[in-house]
Amino acid sequence: MEAISVGLLGLGTVGSGVVKIIKNHQDKLMHQVGCPVEVKKVLVQDLNKQREVDIEASLLTGSPEEIIDNPDIDIIIEVMGGIEDTRKHLLKALANKKHIVTANKDLMALYGSELLTAASENGCDLFYEASVAGGIPILRGLADGLASDRITKMMGIVNGTTNYILTKMSQDGSAYEDVLKEAQELGYAESDPTSDVEGLDAARKMAILATLGFSMKVDLVDVKVKGITGVTEEDLQYGKQLGYIMKLIGIAHREGEKVEVSVQPALLAESHPLAGVNNEYNAVYVYGEAVGETMFYGPGAGSLPTATAVVSDLVGVMKNLRLGVNGKSAVSPQYPKKLKDPSEIYSKYFLRLHVKDEVGVFGELTSIFSKHSVSLEKILQLPVEEKGLAEIVLVTHQSSLKDYEDILSSLEDLPAVKTIESSYRVEGSGS
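Residues numbered from 1 in each chain as written. Predicted model: local features only at pLDDT ≥ 70, side-chain atom pairs only at ≥ 80, totals over all residues. Heavy atoms only, no water.

Note the cut-off: UniProt positions are given in the numbering used here, feature names are shortened, and annotations may be inferred rather than shown by experiment.
For the protein, the name recorded in an unreviewed UniProt entry is Homoserine dehydrogenase, with Bacillus infantis NRRL B-14911 as its organism. The annotation that UniProt attaches to the protein under Catalytic activity (unreviewed entry) is "L-homoserine + NADP(+) = L-aspartate 4-semialdehyde + NADPH + H(+)".

1. Structural notes on the domain arrangement of the protein
What counts here: Source of the domain bounds: an automatic or database domain assignment. Two residues qualify as a contact provided that any one of their heavy atoms is within 4.5 Å of a heavy atom in the partner residue. By buried area we mean the combined loss of accessible area, with a 1.4 Å probe, across both parts when two parts are placed together. The salt bridge criterion pairs a side-chain nitrogen of Lys or Arg with a carboxyl oxygen of Asp or Glu, the two atoms within 4 Å. Counting of polar contacts relies on pairs of N or O atoms within 3.5 Å, with two restrictions inside protein: one atom must be capable of donating a hydrogen and the other of accepting it, and residues adjacent in sequence are counted only when both atoms are side-chain atoms. Every helix listed is a DSSP run of H or I at least four residues long, and every strand listed is a run of E at least two residues long, numbered separately from the N terminus. Residues were grouped as follows: Ala, Val, Leu, Ile, Met, Phe, Trp, Tyr, Cys and Pro as nonpolar; Asp, Glu, Lys and Arg as charged; and all remaining residues, including Gly, as polar.
We note that the domain assignment places domain 1 (4–134 + 303–323), domain 2 (138–299) and domain 3 (346–427) within the protein. Placing the centre of domain 2 and that of domain 3 at their C-alpha centroids yields a distance of 26 Å. At the junction of the two partners, domain 2 supplies 24 residues and domain 3 supplies 18 residues. A buried area of about 1700 Å², summed over both sides, lies between domain 2 and domain 3, and 56% of it is on carbon and sulfur atoms. For the pair domain 2 and domain 3, the interface holds three salt bridges. If you look at where domain 2 meets domain 3, you find 11 residue pairs in polar contact (both at pLDDT 80 or more). Elements with a contribution of two residues or more to the side of domain 2 that touches domain 3: strand 7 (151–157), helix 11 (233–241), strand 9 (244–255) and strand 10 (258–269). Looking at the side of domain 2 that touches domain 3 residue by residue, the class counts come to 12 nonpolar, six polar and six charged.

2. Points about the UniProt feature "domain: ACT" (unreviewed entry) in the protein
This chain's UniProt record puts "domain: ACT" (unreviewed entry) on residues 350–425. Strand forms 45% of residues 350–425 and helix 32%; the C-alpha atoms that close the span are 6 Å apart.

3. Considerations on the UniProt feature "binding site: NADP(+)" (unreviewed entry) in the protein
Stated formally: The rule is simple: take the accessible area with a 1.4 Å probe, protein chains only, and divide by the maximum for that residue type; under 20% is buried, over 50% is exposed, in between is partly exposed.
This chain's UniProt record puts "binding site: NADP(+)" (unreviewed entry) on Leu9, Gly10, Leu11, Gly12, Thr13, Val14, Gly15 and Ser16. With respect to the helices and strands, Leu11 occurs in the loop between strand 1 (4–9) and helix 1 (13–24). For Leu11, a relative accessible area of 9% gives the class buried. Ignoring any residue separated from it by four or fewer positions in sequence, one finds Leu11 in contact with Ser16, Val19, Val42, Leu43, Val44, Arg51, Val53, Ile55 and Leu60. If you trace the backbone, Ser16 turns up in helix 1. In this structure, Ser16 is in contact with Leu11, Glu52 and Val53, ignoring residues within four places of it in sequence.

4. A word on the sheet that holds strand 1
To keep it simple, the criterion reads: The pairing criterion is simple: DSSP has to find at least two bridges between the two strands. Axis definition: a line fitted to C-alpha atoms, limited for helices to the stretch in contact. Angles are taken between N-to-C directions and run from 0 to 180 degrees.
Spatially, the six strands line up as an open sheet ordered 3-2-1-4-5-6, and their pairing is parallel. In the strand order of this sheet, the two ends are held by strand 3 (60–61) and strand 6 (126–127), each with one partner. Where strand 1 and strand 4 (residues 75–78) come together, four bridges link them in parallel fashion. Residue pairing for strand 4: Leu8 is matched across the bridge by Ile77. Contacts between helix 1 and the sheet are confined to strand 1, strand 2 (37–43) and strand 4, with strand 1 contributing the most and set at about 160° to the helix.

5. Section: the nonpolar core
Using the following cut-off: We define the nonpolar core as a collection of buried residues of types Ala, Val, Leu, Ile, Met, Phe, Trp, Tyr and Cys that are connected through side-chain atoms lying within 4.5 Å of one another.
Grouped together as the largest cluster of nonpolar side chains are 73 residues, with contacts concentrated most on Ile138, Ile165, Leu209, Val286 and Phe350. Grouped together as the second largest cluster of nonpolar side chains are 34 residues, Cys35, Val39, Val79 and Phe127 included.

6. A few points about the pairing of strand 1
Taken across its six residues, strand 1 has six buried, putting it largely inside the fold. With six bridges connecting them, strand 1 and strand 2 associate as parallel partners. The residue of strand 2 that forms the bridge with Val6 is Val39.

7. A look at unusual backbone geometry
A positive phi angle, close to 65°, is found at Lys97, a residue other than glycine. With respect to the helices and strands, the residue Lys97 is situated in the loop between helix 4 (84–95) and strand 5 (99–102). The backbone of Ser373 shows a phi angle near 55°, a positive value even though the residue is not glycine. Among the structural elements, Ser373 can be located in the loop between helix 13 (361–371) and strand 14 (376–383).

8. With respect to the pairing of strand 2
Within strand 2, five of the seven residues are buried, which leaves it mostly tucked inside the rest of the structure. Here strand 2 pairs with strand 3 via two bridges, running parallel. When the sheet's bridge partners are listed, Leu43 is paired in strand 3 with Thr61.

9. Here we look at the pattern of salt bridges
Considering all chains together, one arrives at 26 salt bridges under this definition. Put simply, Asp54 and Lys23 hold a salt bridge, and the shortest N to O gap is 3.9 Å. One end of the pair, Asp54, is in the loop between strand 2 and strand 3; the other, Lys23, is in helix 1, with 31 residues separating them in the sequence. Glu344 serves as the salt-bridge partner of Lys258, at 3.1 Å between the closest nitrogen and oxygen. In this pair, Lys258 is assigned in strand 10 and Glu344 in the loop between helix 12 (303–323) and strand 13 (346–356), connecting sequence segments 86 residues apart. The exposure class assigned to Glu344 is partly exposed, which follows from its relative accessible area of 27%. Through salt bridges with shared partners, a single ionic network connects Lys153, Glu255, Glu260, Lys340, Arg425 and Glu427.

What follows is the structure in structure tokens.
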């Protein structure tokens, strides 16, 4: 019984987890696919570095060609990250008829369609479950489990770093900078956290989810992105007072032929299932026309959870090898891309203002909302330390994004408004 040979590009956190699972779960893999799995070669940057995993030095190489051009290697697992060089390596590997498993969301968000096309043309598999939400089988759930349904909406917490930060800020009343430092010390946040806290990591994942879920080529530039760096303890406390929890939420919503895709801090009703997803955990809430509402929940990062998704994809490739059906699973997007414009995107909004504490100011504010036919669901008026000012917190009823942006513009021009302190999308009704 001939073993299936695997080449690994990268031996960091996830790569080490992959080696451990292949080694420790060999009986399970044998049972699943009927033959052994063997790690043949591993690409590393430093051949002499101490490793988290016990691996023979003879398996390590500093040359990608030793894996990409090796005729004995059937499947390449890419867990080294990077974009441009990695894309070249994978395109060459596909030309060499190697099947690919990748955990690289940055690469798939930017070049996924090109790589999937190359895989199909070369009769190869390209699986990328681990690129979104770590150990949660969300892509497989969409592609296989919900294949017969029409997905209308996906809402997700798909970045563990920002979820950890917002959870700690909300529960402990800590400042953003303090929690970010703590997250970096614990290894949840990178030394340069920009990609996480500015929402770019989540945006890449939402582009991948929307492309698959809606069968429409959604690019990273189509995702409207706002990060969490402007979120304050006051925003979280006022949200709580009104019955909401703050999360960085990715939203992909299809109505008819048009879609909207965004990532932004949003206030969720405390009763919403995503509101209870805390710390580094991820969850994706999926609405289907037939199935109704489903939720996928689990660890969104980490060595073994992400490696589990990688090895599950590896099992998928190996099953296809045994059946002789590699390269036949990729399905091209069915629908042309049509994005909603701001007049077609509807939501409720939370708004916090500092205004002059004078008679008639509130009437001026409400007249602006009335002019755009936007009514108010909740209103709080509170004193502030600065003399002569009041703080007003509002939650609107449903409004189009265009009307809401026009309202914000009018409020900025109103002499009675000193500052617009914050503004967030709202999902559901608070207490």
